[in-house]
Amino acid sequence: MEFQSTLGALPILFALISIAVGSRPRLEDAAPRILEHPSDLIVSKGEPATLNCKAEGRPTPTVEWYKDGERVETDREDPRSHRMLLPSGSLFFLRIVHGRRSKPDEGVYVCVARNYLGEAVSRNASLEVASKCFHLLALPFALGLLFLEFHTWVSGGLTLLLHSEREGEKCDLWRLMTAGCM
């Protein structure tokens, strides 16, 4: 009789052992790690942009993005979003949104890769929206006023324009434009 009660407990014992063994990490599984970190970007308003992030792990980690500590909503949560999470884990902006009162895309971003063994966090990457600064210097001139305009760009470009205005008529005297870092 004792032998029969022991046999009845065997299926339960095997079930407990298989649950315990199945919940252990497999040897081939690995915690996520970031292979490609995002880089700082300076982008013009309305232009597309991509913050790269590539992660590996087993099982394949899921990737989420955070901006200034807040989770970024992408097209996966809202199909109308201008931000897309690419299969590689990169964050693609269809267009950079930037206004006087609202700057939803400008900030510091990180990508986080997760699987059941843990998470990996990328280095910080800042996304800055290029803006134009305008400076005007008016000088008295024998034929009217002489204006020197400076247009500087956050991205490093500079435009200089020298023109005169006499009796409401504008005449360009000299123009210099540079691109790239100054």
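Conventions used here
- Residues numbered from 1 in each chain as written.
- Predicted model: local features only at pLDDT ≥ 70, side-chain atom pairs only at ≥ 80, totals over all residues.
- Heavy atoms only, no water.
- Helix = DSSP H or I, 4+ residues; strand = E, 2+ residues; numbered from the N terminus.
- Buried < 20%, exposed > 50% of the residue type's maximum accessible area, 1.4 Å probe, protein only.
- Contact = heavy atoms within 4.5 Å.
- Areas by Shrake-Rupley, 256 points an atom, 1.4 Å probe, with all protein chains shown as cover.
- Salt bridge = Lys/Arg side-chain N within 4 Å of Asp/Glu carboxyl O.
- Phe/Tyr/Trp six-rings, centres within 6.5 Å; stacked < 30°, edge-to-face > 60°.
- Disulfide = S-S within 2.5 Å.

A. Molecular detail of the overall build of the protein chain. A count of helices and strands for the protein chain gives one helix and 15 strands. Here the protein chain, with 182 residues, has 29% of them falling under the buried criterion. Long-range pairs, those at least 24 residues apart, make up 45% of the contacts in the protein chain with a sequence separation of at least 6. When the accessible surface of the protein chain is summed, it comes to about 12400 Å², and 58% of that surface belongs to carbon and sulfur atoms.

B. Representation of the pattern of salt bridges. Counted according to the given criterion, the structure contains eleven salt bridges. Across the pair R26 and E28 runs a salt bridge whose closest N-O atoms are separated by 3.4 Å. Take R26: its relative accessible area is 49%, and that puts it in the partly exposed class. The partner of K67 in a salt bridge is D68, with the nearest N and O atoms 3.3 Å apart. Salt bridges here are not isolated pairs; linked through shared partners, they connect E64, R71, E77, R114 and E119.

C. Inspection of the packing of aromatic side chains at higher detail. One pass over the structure, following the stated rule, counts one aromatic pair. Ring geometry for F93 against Y109: centres 5.9 Å apart, planes inclined by 85 degrees, an arrangement best described as edge-to-face. Highlighted residues: F93 in strand 8 (residues 91-93) and Y109 in strand 9 (residues 107-115), separated in sequence by 16 residues. The class for F93 is buried, based on a relative accessible area of 0%. The class of Y109 is buried, set by a relative accessible area of 0%.

D. Broad picture of unusual backbone geometry. Look at the link from R58 to P59: it is a cis peptide, with omega at 0 degrees. Its location among the elements puts P59 in the loop between strand 4 (54-58) and strand 5 (62-67). Located in the positive-phi region is D68, a residue other than glycine, with phi close to 50 degrees. On the secondary structure map, D68 appears in the loop between strand 5 and strand 6 (70-71).

E. Expanded view of the state of the cysteines. Summed over the entire model, instances satisfying the criterion amount to one disulfide. Between the sulfur of C53 and that of C111 lies a disulfide, 1.9 Å long from S to S. Negative torsions about the S-S bond denote left-handed disulfides, and the value of about 55 degrees found for C53 with C111 makes this one right-handed. Of this pair, C53 sits in the loop between strand 3 (49-51) and strand 4 while C111 sits in strand 9; the two residues are 58 residues apart in sequence, bridging distant segments of the chain. The pair formed by C53 and C111 is uniform in burial state, with each residue classed as buried.

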